[in-house]
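This is what each chain is made of:
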Amino acid sequence: MSANWFKEKSWSISGNKANDSKHLASTNTIIYPKSTQDVAELLASNQEAAVAVVCGGHSSSNVATWACFSEAAGKDDSCQDDNTIILDMKNMASVTVDKKIMEVTVGGGSTFRQLAQVCADAGGALPIGTGDTVGVCGYTMNGGLSGYFGKRLGMLGQRVVHMEIVIADGTVKNLTPESSGEDGNLFHACLGAGSAMGVVTSLTFKMEAAASFSTGGSIVVACGNKTSAEPFLKRALQFMKGSVLPTSSCSMEIVIVTDFTMIINFMFYDTFTENTSSFIQQVRDDAKACNVPIVADDMTSFKTWFEAASSLWDVIAGLKGDPLVRVDHCIGTRSLPSDEVLDFVIDTWVGDYIQKAPLSLVEIRSLGGVTKEGSALPSGNVNALFFADMIVSYDGSSVSSQEKSSIMEDVHRIIVDAKKQGELMVDFSGTHSQSDDPPELLAKGDEIFGSEDNYELIKQTKHTFDSTNRFRFHPFAHLL
């Protein structure tokens, strides 16, 4: 049963596990709680069991879904033993809204598709991620960011006004930003390392008015190959550095796919006062100067927050494999990136893997704005102004074992090179890094939680509320 569950529940399988999954046995029973009381009673009645919590199943490292494989035990500290409870939260997927006070509450199994639809119907907006089947709670509790909306709306964790969580002994806690003492520490720690602290059964967010989003759209440039792409990408990154990163009134994201087509997305907020088409004219001019064709150009294709929030749902749904294999990594800077960093992105970060793994893409984003100005969550994502990730993906059935290993070797070499760039933060994101990589490649606690003080608070809070490490299936297992 659990083998089929893993295949159905995991959106992809880690590239580090792609050559292992066929040889693992799966024996654990999956439990589907329907209420907070169900979770509390289950944890209280079996306090020796380790606990894995699954919502959307989008972790690139399969940190929770991998717990169903009994033969994984002993291979690393995060693997399961013979007494593991696996909670699939899909039956706790309610979404309710209070329009008067502009607050929306999600259950522990809710996804972004559900949240976005309810939020839009209420005339609200939130800084959600781009994947519709991503679990809201897992994304929020691991410090998820929003490239489209973060500069205006902050991070989703910065908008949490209430949290219900079941801790290791089965106690139910209701926490708010005003919680004090150990409960206050728990609330703060959960907004960057929540999957290590307990089972979050509901979150309430303060929405912004949908009118905070003004308009948005895309320019699509068909570069055809890396040789043609590099001069244009250099100019586009300089435009991002000079015109977009310094302002909080708009955002820019460059998406590079395997044939070196670049989709350049712009989001404009209610604080933007210029003409949108004139603002991005330099990008058009740069494409012409580099002799690469613009095949689509519409700066008003996203007329509402919901249209922008849902714009990639169909694209993401089309990423399929048997299985879909994936690894995620990220780099970023706290301030404007130097030209040396931008050259590293062009020459190295957009690597050979993008053609070896033909479902891959690179995303280069502008962050900062309200995210940097808001409450300091314990997440490295808060610190980033400039952000680039690689999502290395391919159909596992079409790539040989040798080719899979070669792709991972290429990716690991890039991460090693990135760590040599003194200005760069590397894999500092709990939602955009590969926690099952070799230990020498993993980020340190002060990097992934934003500061040494945050890391110390999280370690202390973990010891206070989960001293036996029941919650061990999370992206920070090497740290907590």
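Data block above holds the structure.
Keep in mind that this is a model prediction, so the values were computed, not measured.

*Asks:* Hey, could you run me through the overall build of the protein in this one?
*Replies:* Secondary structure assignment for the protein yields 17 helices and 19 strands. The C-alpha atoms of the protein give a radius of gyration of 21 Å, which matches the 23 Å a tight globule of 480 residues would have. Looking at the protein residue by residue over its 480 residues, the buried ones come to 58%. Partitioning the contacts of the protein with sequence separation of at least 6, the portion at a separation of at least 24 is 76%. Carbon and sulfur atoms make up 48% of the accessible area of the protein, which totals about 18,100 Å². If the 37 positive side-chain charges of the protein are averaged to one point and the 58 negative ones to another, these points end up 3 Å apart.

*Asks:* How should I be thinking about helix α9 (residues 281–289) in this particular structure?
*Replies:* Because each turn of an α-helix spans 3.6 residues, side chains separated by three or four positions in sequence point in the same direction. Within α9, the full set of buried residues consists of V283, R284, D286 and A287. With its buried residues spanning 160 degrees around the axis, α9 presents them on a single face. Facing away from the buried surface of α9 by more than 90 degrees, the exposed residues are K288 and A289. At its buried positions, α9 is contacted by β12 (213–222), α7 (226–244), β14 (261–269), α8 (276–279) and β15 (294–302). N291, located one to two residues past α9, shows a positive phi value of around 60 degrees.

*Asks:* When you look at unusual backbone geometry in this model, what are you seeing that I'm missing?
*Replies:* Trans is the prevailing form of peptide bonds, just as negative phi is the prevailing case for residues other than glycine. The omega torsion across D322 and P323 is 0 degrees, close enough to zero to call that bond cis. Relative to the assigned elements, P323 resides in the loop between α11 (313–317) and β16 (324–333). Here the phi dihedral of F260 falls at roughly 65 degrees; this positive angle occurs in a residue that is not glycine. Residue placement: F260 occurs in the loop between β13 (250–257) and β14. In this structure F260 comes out as buried when scored by relative accessible area, which is 2%. Of note in the backbone geometry, N469 takes a positive phi value of approximately 60 degrees without being a glycine.

*Asks:* Which parts of the structure should I look at to understand the sheet that holds strand β4 (residues 84–88)?
*Replies:* Hydrogen bonds between backbone atoms are what pair the strands of a sheet, whose relative direction is either parallel or antiparallel. The strand order β2-β4-β3 describes an open sheet built from three strands, whose pairing is parallel. Every other strand in the sheet has two partners, leaving β2 (30–31) and β3 (50–54) as the edge strands with one partner each. For β3 and β4, the ladder comprises five bridges, and the chain directions are parallel. For V51, the partnering residue across the bridge sits in β4 and is I85.

*Asks:* Looking at this structure, how should I read the nonpolar core?
*Replies:* Counting residues in hydrophobic clusters, the biggest one holds 75 residues, and the most contacted among them are F232, I254, I256, F266, W349 and I364. Ranked by residues supplied to this core, first place goes to α7 with eight residues. One finds I128, A308, A309 and F476 within the second-largest nonpolar core, a separate group that totals 58 residues.

*Asks:* Would you mind going over α7 with me for this structure?
*Replies:* Among all positions of α7, only A229, F232, L233, A236, L237, F239, M240, K241 and V244 are buried. Two to three positions downstream of the cap, the backbone nitrogen of T227 sits 3.1 Å from a side-chain oxygen, assigning the N-cap of α7 to N225.

*Asks:* Please explain the packing of aromatic side chains as it appears in this structure.
*Replies:* The geometry of two aromatic rings is summed up by the distance between their centres and the angle between their planes. The tally for this structure, following the rule as stated, stands at 15 aromatic pairs. Ring centres 6.2 Å apart and planes at 80 degrees place the aromatic pair F149 and F213 in the edge-to-face group. Of the two residues, F149 is situated in the loop between α4 (136–141) and α5 (150–153) and F213 in strand β12; the sequence distance between them amounts to 64 residues. A relative accessible area of 6% means that F213 is categorised as buried. On the numbers, 5.0 Å between centres and 55 degrees between planes, the contact of F449 with F476 is tilted. Linking F449 in the loop between α16 (445–448) and α17 (452–465) with F476 in the segment after α17, this pair joins segments that are 27 residues apart in sequence.

*Asks:* I keep staring at the side chain of D88 and nothing clicks. Help me out?
*Replies:* Looking at where D88 falls in the secondary structure, it is placed in strand β4. A polar contact of 3.1 Å, which involves the side chain of D88, links it to the side chain of K9. Residues contacting D88, with those up to four places away along its chain left out, are W5, K9, I30, I31, Y32, P33 and V54.

*Asks:* Hey, could you run me through the sheet that holds strand β9 (residues 172–175) in this one?
*Replies:* Taken together, five strands build an open sheet; the order of strands is β5-β6-β10-β8-β9 and the sheet is antiparallel. Of all the strands in the sheet, the pair left with one neighbour each is β5 (95–98) and β9. On average, each strand axis in the sheet is inclined to that of its neighbour by 10 degrees, with strand direction left out of account. In this sheet, strand β6 (residues 103–107) lies alongside β5 in antiparallel orientation, the contact comprising four bridges. Pairing of V97 across the sheet is with V104, part of β6. Those strands touched by helix α2 (residues 36–45) are β8 (160–166), β9 and β10 (199–206), and its axis lies near 40 degrees from that of β8. Most of the contacts of helix α3 (residues 112–121) go to β5, to which it runs at about 25 degrees, and overall it touches β5 and β6.

*Asks:* How should I be thinking about empty space enclosed by the protein in this particular structure?
*Replies:* With a probe scaled to a water molecule rolled over the atoms, the places where space remains empty come into view. Tallying each qualifying case throughout the model produces four cavities of 30 Å³ or more. Of the volumes computed, that of the largest cavity is approximately 60 Å³. Lining of the largest cavity is provided by D427, S433, Q434, S435, D437, L441, L442, A443, I448, P475 and H478.

Thresholds, definitions, all that
- Residues numbered from 1 in each chain as written.
- Predicted model: local features only at pLDDT ≥ 70, side-chain atom pairs only at ≥ 80, totals over all residues.
- Heavy atoms only, no water.
- Helix = DSSP H or I, 4+ residues; strand = E, 2+ residues; numbered from the N terminus.
- Rg over C-alpha atoms; globule rule 2.2 N^0.38 Å.
- Buried < 20%, exposed > 50% of the residue type's maximum accessible area, 1.4 Å probe, protein only.
- Contact = heavy atoms within 4.5 Å.
- Areas by Shrake-Rupley, 256 points an atom, 1.4 Å probe, with all protein chains shown as cover.
- Lys, Arg positive; Asp, Glu negative; His and termini not counted.
- Charge placed at Lys NZ, Arg CZ, Asp CG, Glu CD.
- Arc of directions from axis to C-beta.
- Pairing = 2+ DSSP bridges.
- Core = buried A, V, L, I, M, F, W, Y, C linked by side-chain atoms within 4.5 Å.
- Polar contact = N/O pair within 3.5 Å; in protein donor to acceptor, adjacent residues only side chain to side chain.
- Phe/Tyr/Trp six-rings, centres within 6.5 Å; stacked < 30°, edge-to-face > 60°.
- Axes fitted to C-alpha atoms, helices over the stretch in contact; angles between N-to-C directions.
- 1 Å grid on protein atoms, 1.4 Å probe; cavity = no way out; pocket = protein on both sides within 12 Å on 5 of 7 lines; lining within 4 Å.
- Points joined across faces, edges and corners; volume = space filled by probe spheres on them.

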